[in-house]
Amino acid sequence: MTSMFDQFEEPQSQDFKYESISAAELNALGYIQMRIEPDAPIFQKTKKNLSIPDKVSHVAVGNKFLYIAMTASGTLLRINLANSQQEEISLTRHLTGNTLSNLFLDPTGNHLFLMFMPNTPTDSSEMYYLSKKSNKLKNTTKFRGYKVTAVAWNPYNESEMSTGPILLGTSMGLIFETELVLEGEKFFTSGFSSGIEQYWRQVFDIGRGTLTPISGLYFYQIPSMDKYFILAATPQRLYYFDGKVNKSERPLLQQVFNKYLNVPEDETCFFTESNLKYSRLRLWGDSVKETPITYVWMTEMGLRYGKISPFFSNDSKKPIKEIIKKHSDFINFPKPAYDNLSQTTVPPFNLITTQFHALIAYNDSIKGMSLLSKELVYEDNYNEAFGKLINIVQDQATGNIWAITEHQLFKFIITKEERHVWQFYCDQKEFDLAKKFTKNNEVHYNRVLIKEAEMLFHEKKFVESAQCYSETQSSFEEICLKFFQAEQLEALKVFLCKKLDKLTMHDQAQITMIVLVVIELFLEELEAMRLKGEEKKNVYHDLQKQFESFLALKQVSECIKTNKSSIYNLISSHGDRDNLKKLTIVNKDFEQLIKQNIYNNDFYEALNVLKGQNNRELYYQFTPILIQEVPAPTVKALIDQGRNLIPIKLLPAFVSCQEYQYTHIIRYLEFCKDILKTNEKALHNLLLSLYSKYDPDKLITYLESQGNNSMLVQYDVYFALRLCQENPNLKAACVKLSALLGMWESAVDLALTIDVDKAKEIANMAPENDAELRKKLWLSIAEHVIKSKENDVIDNNTPSKDVEKAMKLLQECELLRIEDILPYFSDFDTIDHFRSAICNSLKEYNQQIQDLKDEMDEATKAAESIREQIQSFRNGYTIINHRDVCDVCEKTLMMRAFYAFPCQHRFHTDCLLKELTPHLGPARKNKLSDLHKQLNAINNTQTFDNISTGSSGISRKDVLKADIDNIIASECLYCGENMIRNIDMPFFDDNEFDRIIKEWE
């Protein structure tokens, strides 16, 4: 549950956003608003569950290690944020007579400086070093007497034993270079340095003898160069230094400062703005080792913001310092709210920067400023609930931002801070940058393109505007009309061509429209030039080449093929015979030539032209005519095409043929079946139909080759059966088809008219899992065999012969029993003929009876076991002690009516009812209320209702009580399913929350 302090803090946060794109605008662009929930704020503050034993005075963070100094208790707390492990380091000895001034932690979290200032002027300041691997502070003797106010850590150092070359700035404006190394890695002689400092040297004096504390200090290598640059900030000024260095030489950065030793201060300083006693300098880059991209310098009136790394690759001869200065901007601090005018006199004390925002820390609030729009986008006010706001720090390794008060640690979560950047750049007409930040959002990218296209259009850059419009989702018709009204036909043509490139073959309607319009534009230009007699000029030839290149595009050529008549008519209307002739040749439009040969009854020549083409559609178009006139050569041409043709598309040509042509059609269909392995049902149905009429001998062979599975055959079985039934000579085929359709009885009956063995074969094909059907089929065969007149003649009316055939049927089908076929024999047959079969049948029945008896015995035993268990449950009991209490009110249980559950939970009846009622559903709650009303009505009559309400003899009052028990005592309140279903319910509802808060106060 959220604490009272958290709820007091949360409403203070504000998040100011850009206006989002409306649903109407999205619909106009062809998109649908699918967002269900609003975007999360850019900055969100979460409280860290961390126990801080005393008031915090100083804090530093780096690479997931947090250092918290509590000077009141003399403790330094080191916290590993990755696993929440804590270590306490005593500062009591060092704080004797001293005050902790500041903590300096490197980005890797390996090295920490603690600056102590004396409480008396006679003592000297001291700085101590603490390694991540140690709990013991080491004195840096070389810096005794200097107050270090800024440290420029080495961004390229990863060693836990060495700091690498670093810079330290002091309160007097002095800059020292040093390198601290723990024992075991020193590379100088032991006589050179007696402490942990490898070397120590003053490299520059910004103050030049004045009290000028250095508040910010950074150094980085310039990309792809052997030069370093250094940024230094004082309360009043910002300085820039750069120079070549030899990386093997120590001190390393003194080589940069050497050329500035005798240079006037104005040549190194490029900003002078602040009158504060302090300032803050922050850099931002993609990572710690990468050259920073931007810098933010906090001064008295606001923030100086600019870029750094983009100018190192600038080819300009101007100094980089001047370029950086020129491309900087100033952001004023946000004005205080009317209800918080105290902020007007208290400047901010710290600053954290992200890629696009700066978080500014005041004594009682943290404000977020957009570095691009210069607007306040976030404000978080702090009260005294968690103590005074101490500082806001950033982990340069992870980018995480932390705010800490005297008693609490907060973490800032940054969510998509670049979400509105594209709008800013779009408003500033920096469209390339705007596109960069909209790559993952098609709607935003489209909006930027529209803005850019509109700007180019107003600037009369129509061709560029057309190219930009072609990438948008804007209304196609509106843009075309826009260029047409401006009489910019060339730009319109560019727009249409670009739009055509983005369409797919599924957009046939738009492709056709664009192709026709572009062809019309080309034809108009060519016609205008011809009328002026400019056919021989280079401009005309260039335009003609553009036209031909356009016609050669795949989408255009496909469109021309599907809209030949319209395009031919369009070209003819402009009298452009040359382009019409070229278009016919390029598109291989031999359709007109074939038509002409057919009109002249020159069918062989038409077939020859057709055979020379690769266009399959021509075969489908002209085969119906050619197969009527020259069937043999046409079928040969079709067979020669093989898989190049789709046989199903030739079906209309085959159906309309005459009787004498079907021999050739059967030849092509057999080619499709045997060679092409086609599985089109329509073709197989046609082949089957032709077989039944003109070649019945091949019909059975064809049916056998298709198999016995109706789901796998390639023809329509119902159609085939209906066709064969029309021909009395195709009974065998009817038997086969009836079996395929599962018409087993019809198939066996029809097979018996042909051959008994055929009937047996069909009966054996019936589904094995349908014993009843198989038995029925074999009974039909047995009846036919026994009663057949033919059998009577062959056996000379000898009953014993009939019995032998019947016995053979019993052996062929295990489903038949002697009693099944006995009714079909004559009354004159003696029992001796069936003795063996009857005995076998009786043995099987005896075995089945014995199996049933065994099953009945097992069922009886199971029933007895269940009855014994039920009887044991009826005799169950539980013991109630006089000390037992209700689990709800914790009062003596036996004082009132109660319920006891097997889980050992016990409740008073009224307590259980009170706790359970809120969790019941509406139906059960209403039913419970109704039952109580009925029970109260019976109790108010002052009589006992002993009248039974049914055959059970139970009174109505007992029935009502039983119904109530079924609702409230069907399961334990704490152990039942009802508790699991309501596990997500809050402990307090909204109406009780305010009351409970007041009680806590």
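Conventions and cut-offs
Residues numbered from 1 in each chain as written. Predicted model: local features only at pLDDT ≥ 70, side-chain atom pairs only at ≥ 80, totals over all residues. Heavy atoms only, no water. Helix = DSSP H or I, 4+ residues; strand = E, 2+ residues; numbered from the N terminus. Buried < 20%, exposed > 50% of the residue type's maximum accessible area, 1.4 Å probe, protein only. Contact = heavy atoms within 4.5 Å. Areas by Shrake-Rupley, 256 points an atom, 1.4 Å probe, with all protein chains shown as cover. Core = buried A, V, L, I, M, F, W, Y, C linked by side-chain atoms within 4.5 Å. Expected span 1.5 Å × (residues − 1). Pairing = 2+ DSSP bridges. Axes fitted to C-alpha atoms, helices over the stretch in contact; angles between N-to-C directions. Nonpolar A, V, L, I, M, F, W, Y, C, P; charged D, E, K, R; others polar. Parallel < 35°, antiparallel > 145°, perpendicular 65-115°, else oblique.

## Some thoughts on the overall build of the protein chain
Here comes step 1: Secondary structure summary: the protein chain contains 38 helices and 31 strands in total.
Here comes step 2: The proportion of buried residues among the 1001 residues of the protein chain is 45%.
Here comes step 3: Summarising the internal contacts of the protein chain: among those between residues at least 6 apart in sequence, 52% fall at separations of at least 24.
Here comes step 4: Total accessible area on the protein chain is roughly 55300 Å²; 50% of this is exposed by carbon and sulfur atoms.

## Section: the nonpolar core
Here comes step 1: In this structure, Leu303, Phe483, Leu496, Ile519 and Phe550 are the most contacted members of the largest nonpolar core, which totals 65 residues.
Here comes step 2: For this core, the element with the most residues is helix H12 (residues 508-531), which contributes 10 residues.
Here comes step 3: Excluding residues that lie within four positions of it along the chain, leucine 303 makes contacts with Val296, Trp297, Met298, Asp329, Phe330, Ile331, Phe333, Leu351, Ala358 and Ile360.
Here comes step 4: Counting residues in hydrophobic clusters, the runner-up holds 49 residues, among them Ala606, Leu676, Leu683 and Tyr715.

## Focus: helix H22 (residues 662-674)
Here comes step 1: The end-to-end C-alpha separation of H22 is 18 Å, in line with the 18 Å expected for 13 residues at 1.5 Å each.
Here comes step 2: Those residues of H22 not exposed but buried are Tyr662, Ile665, Ile666, Tyr668, Leu669, Glu670, Phe671, Cys672 and Lys673.
Here comes step 3: Residues of H22 that are buried in the fold lie against helix H19 (616-629), helix H20 (631-641), helix H21 (651-655), helix H23 (681-694) and helix H24 (697-706).

## Concerning the environment of glutamine 488
Here comes step 1: Topologically, glutamine 488 is positioned in the loop between helix H10 (476-485) and helix H11 (489-501).
Here comes step 2: A relative accessible area of 26% places glutamine 488 in the partly exposed class.
Here comes step 3: Residue contacts for glutamine 488: discarding those within four places in its chain leaves Phe462 and Phe483.

## With respect to the sheet that holds strand E12 (residues 166-170)
Here comes step 1: In spatial order, the strands read E11-E12-E13-E14; together these 4 strands make up an open sheet with antiparallel pairing. Where the open sheet ends on each side, the last strands, each with one partner, are strand E11 (148-152) and strand E14 (197-205). With strand direction ignored, the average angle separating the axes of adjacent strands in the sheet is 25 degrees.
Here comes step 2: Bridge count between E12 and strand E13 (residues 174-180): 4 bridges; the pairing is antiparallel. The residue of E13 that forms the bridge with isoleucine 166 is threonine 178.

## Things to note about the packing of H19 against H20
Here comes step 1: At their nearest, the axes of H19 and H20 sit 7 Å apart, and the two run at 145 degrees to each other. On H20, the residues that touch Tyr619, Thr623, Leu626, Ile627, Gln628 and Glu629 of H19 are Pro631, Thr634, Val635, Leu638 and Gln641.
Here comes step 2: Each residue belonging to the contact of H19 with H20 can be placed in one class, and the counts come to 6 nonpolar, 4 polar and 1 charged.

## Some points on the packing of H12 against helix H14 (residues 554-562)
Here comes step 1: With their axes 10 Å apart at the nearest point, H12 and H14 run at an angle of 95 degrees to one another. Taken together, H12 and H14 sit at an angle that is classed as roughly perpendicular. Contact residues: H12 offers Ile511, Thr512 and Val515, while H14 offers Gln555, Val556 and Cys559.
Here comes step 2: Among the residues forming the contact of H12 with H14, the class breakdown is 4 nonpolar, 2 polar and no charged.

## Notes on the sheet that holds strand E7 (residues 98-105)
Here comes step 1: Strand order in the open sheet formed by 4 strands is E7-E8-E9-E10, with antiparallel pairing between adjacent strands. The open sheet has two edge strands, E7 and strand E10 (138-139), and neither has a second partner.
Here comes step 2: Across 7 bridges, E7 lies against strand E8 (residues 111-118) in antiparallel orientation. Across the sheet, threonine 99 pairs through a bridge with methionine 117, a residue of E8.

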